[in-house]
Amino acid sequence: MSFWRVLLSIICPPLAVLDKGCGSIIIVFLLWLCGWVPGVIAALVILNNPKN
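Below: a short report on this structure. (Residues numbered from 1 in each chain as written. Predicted model: local features only at pLDDT ≥ 70, side-chain atom pairs only at ≥ 80, totals over all residues. Heavy atoms only, no water.)

Details of the overall build of the protein
Secondary structure assignment for the protein yields four helices and zero strands. Each principal axis of the C-alpha distribution contributes one length, and for the protein these read about 25 × 20 × 15 Å. The contacts of the protein with a sequence gap of at least 6 include a subset with a gap of at least 24, amounting to 47%. Roughly 3,500 Å² of accessible area belongs to the protein as shown, and the carbon and sulfur atoms make up 75% of that amount. (Helix = DSSP H or I, 4+ residues; strand = E, 2+ residues; numbered from the N terminus. Contact = heavy atoms within 4.5 Å. Areas by Shrake-Rupley, 256 points an atom, 1.4 Å probe, with all protein chains shown as cover.)

Spelled out as structure tokens, the structure:
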């Protein structure tokens, strides 16, 4: 996980997970609409997942 990805996930979480698939983008976007903090946490968890 690079510095730029972390910074992008703090500023706009859906953009940080663009290459992780449509499901991840939708989940992060919906959480981001509910509140900024849940979207950031979801984006960081998805980006920190070693399987992808």
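Quick look at the side chain of Ser24
Locating Ser24 in the fold gives a position in helix H3 (residues 22-34). Overall, Ser24 belongs to the buried group, its relative accessible area being 16%. In contact with Ser24, other than residues within four places in its own chain, are Val17 and Ile46. (Buried < 20%, exposed > 50% of the residue type's maximum accessible area, 1.4 Å probe, protein only.)

Some words on the pattern of salt bridges
Tallying each qualifying case throughout the model produces one salt bridge. Residue Arg5 is joined to Asp19 by a salt bridge in which the shortest nitrogen-to-oxygen separation is 3.1 Å. Placement of Arg5 in helix H1 (residues 3-11) and of Asp19 in the loop between helix H2 (13-16) and H3 is noted, with a sequence separation of 14 residues between them. Residue class for Arg5 comes out partly exposed when judged on its relative accessible area of 27%. Assessed through its relative accessible area of 53%, Asp19 is described here as exposed. (Salt bridge = Lys/Arg side-chain N within 4 Å of Asp/Glu carboxyl O.)

Examining the packing of aromatic side chains
As enumerated under the stated definition, the model contains two aromatic pairs in all. Ring centres 5.2 Å apart and planes at 70 degrees place the aromatic pair Phe3 and Trp4 in the edge-to-face group. Each member of the pair, Phe3 together with Trp4, is exposed. Seen in terms of ring centroids, Phe29 and Trp32 are 6.1 Å apart; in terms of plane orientation they differ by 55 degrees. Their pairing is tilted. (Phe/Tyr/Trp six-rings, centres within 6.5 Å; stacked < 30°, edge-to-face > 60°.)

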